[in-house]
Amino acid sequence: MNQRTKSLLQENNQTEKQLSDASQQVLTDIVVYLRTAPISMYRQEIVRRDITRMLLDGEARGDNASSVIGNDYQAFCDSVIAELPPLSGRTRALGALRDVLPAAVVLLLIWLVGRLAEYIAGVSVWPALTVTVGDVLGGVLLLAVASAAVPMICRTAFSTRKRVSALLFGLLFIGLFAALCAGFFLKQPLLTVHFAAALFVPLILFAAYKLLDAKLD
């Protein structure tokens, strides 16, 4: 995120501490729900700041969160989001790319560590690394699951916790199982890369993430 968004985020984090525990829980659910709204991060933090002030004013009068913003928190959030200008398709696509890059970096590093372990065990030849169909397909499946899990958590912020947890566990289990099956059965080689060259890929992806994160709200 850029500097103005980061500053507002830090300010909101400090202000939120003035709320009661009950109001903080409500605000947390609201913020989680807002994270997948088609509005910029900066506008999300503006909404968060305004709601925090509303809750603080309400607590000063002796009112709880329901008295201030109503019982249907999701409907309240939807009405606020509807009044704000949505992100363009290009910005949303860049935001989605930014959000998936850290997971891609972690997966690549795990893959590199695995290949290094194979070399130490005498399974593979150093320093050549063979990329298989299963490696690529498994990585894509895991990234897809991660990309789907986060919006699911955010969009169900006001739903029953047990139901959300069960759905999330099922999604993660299916994705992980499919990725493991792809890696185990699809051994067809796609290409061979030098270990040193492969190290640059996560570095490049991380640099791309930092660049996008600095440009996007």
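Refer to the structure printed above.
Thresholds, definitions, all that
What you see as residue numbers is a count from 1 along each chain, following the sequence as written. The model is predicted, so local features are restricted to residues of pLDDT at least 70 and side-chain atom pairs to those at 80 or more, both for listing and for counting; the totals for chains, interfaces and linings are taken over all residues. As a rule here, side-chain values cover all heavy atoms of the structure and leave hydrogens and water aside. Orientation is described by axes fitted as lines to C-alpha atoms, over the contacting stretch for helices, and by angles from 0 to 180 degrees between their N-to-C directions. Each helix is a run of DSSP H or I of at least 4 residues and each strand a run of E of at least 2, with the numbering of both proceeding from the N terminus. Any angle between 65 and 115 degrees counts as roughly perpendicular, while under 35 counts as roughly parallel, over 145 as roughly antiparallel, and the rest as oblique. Rotating anticlockwise by less than a right angle from the far helix to the near helix defines a left-handed crossing, while the corresponding clockwise rotation defines a right-handed one. Pairs of residues are marked as contacts when any of their non-hydrogen atoms sit within 4.5 Å. Polar here means any residue outside two lists: the nonpolar Ala, Val, Leu, Ile, Met, Phe, Trp, Tyr, Cys and Pro, and the charged Asp, Glu, Lys and Arg; Gly therefore counts as polar. In plain words, nonpolar cores are sets of buried Ala, Val, Leu, Ile, Met, Phe, Trp, Tyr and Cys residues tied together by side-chain atoms within 4.5 Å. Only protein chains enter the area calculation, which uses a 1.4 Å probe; residues under 20% of their type maximum are buried, those over 50% are exposed, and those in between are partly exposed. Within this document, salt bridges are pairs made up of a side-chain nitrogen of Lys or Arg and a carboxyl oxygen of Asp or Glu, the two lying within 4 Å of each other.

Asker: Looking at this structure, how should I read the packing of helix H6 (residues 89-120) against helix H9 (residues 195-215)?
Answerer: Packed helix pairs are characterised by how far apart their axes lie and by the angle those axes make with each other. As a packed pair, H6 and H9 sit with axes 9 Å apart at the nearest point and diverge in direction by 155°. As judged from the angle between their axes, H6 and H9 are roughly antiparallel. Regarding H6 and H9, the two cross each other, and that crossing is left-handed. For the pair H6 and H9, contact is made by Leu94, Leu97, Arg98, Leu101, Pro102, Ala104, Val105, Leu108, Leu109 and Leu112 and by Phe195, Ala198, Leu199, Val201, Pro202, Leu205, Phe206, Ala208, Tyr209, Leu212 and Asp213, respectively. For the contact of H6 with H9, a count of residues per class yields 19 nonpolar, no polar and two charged.

Asker: Hey, could you run me through the environment of Lys17 in this one?
Answerer: Secondary-structure assignment places Lys17 in the loop between helix H1 (3-16) and helix H2 (21-34). Along the backbone, Lys17 and Thr52 are 35 residues apart, and their C-alpha atoms lie at a distance of 9.9 Å.

Asker: I keep staring at the nonpolar core and nothing clicks. Help me out?
Answerer: Taken as a class, soluble globular proteins show a tendency for nonpolar side chains to be buried jointly. In terms of nonpolar packing, the biggest core is built from 19 residues, with Val26, Leu27, Ile30, Ile51, Leu55 and Ile69 touching the most fellow members. For this core, the secondary structure elements donating two or more residues are H2, helix H3 (41-61), helix H4 (65-69) and helix H5 (73-82). Of all the elements, H2 adds the most residues to this core, at six residues. In terms of nonpolar packing, the next biggest core, distinct from the first, is built from six residues, Trp111, Leu112, Leu129 and Val131 among them.

Asker: Mind showing me how you'd approach the environment of Leu27 here?
Answerer: Examined against the element boundaries, Leu27 turns out to sit in helix H2. In this structure, the C-alpha to C-alpha distance between Leu27 and Ile51, residues 24 residues apart in sequence, is 7.8 Å. Contacts of Leu27, omitting those with residues within four sequence positions, involve Glu16, Leu19, Arg48, Ile51, Thr52 and Leu55.

Asker: Mind showing me how you'd approach the pattern of salt bridges here?
Answerer: Oppositely charged side chains are able to pair whenever their charged atoms sit close together. Evaluation of the coordinates by the stated rule reveals eight salt bridges. A salt bridge links Asp63 to Arg61; the nearest nitrogen and oxygen atoms lie 3.3 Å apart. Taking the relative accessible area as the measure of exposure, Asp63 reaches 28% and is therefore partly exposed. The exposed category is assigned to Arg61, whose relative accessible area is 55%. Among the salt bridges present, the one from Arg98 reaches Asp213, with a minimum N-O distance of 3.7 Å. Placement of Arg98 in helix H6 and of Asp213 in helix H9 is noted, with a sequence separation of 115 residues between them. Comparing Arg98 with Asp213, the two get one shared label, buried. The network of salt bridges with common partners includes Glu16, Arg35, Glu45 and Arg48.

No statement about biological role is implied by the geometric values presented.
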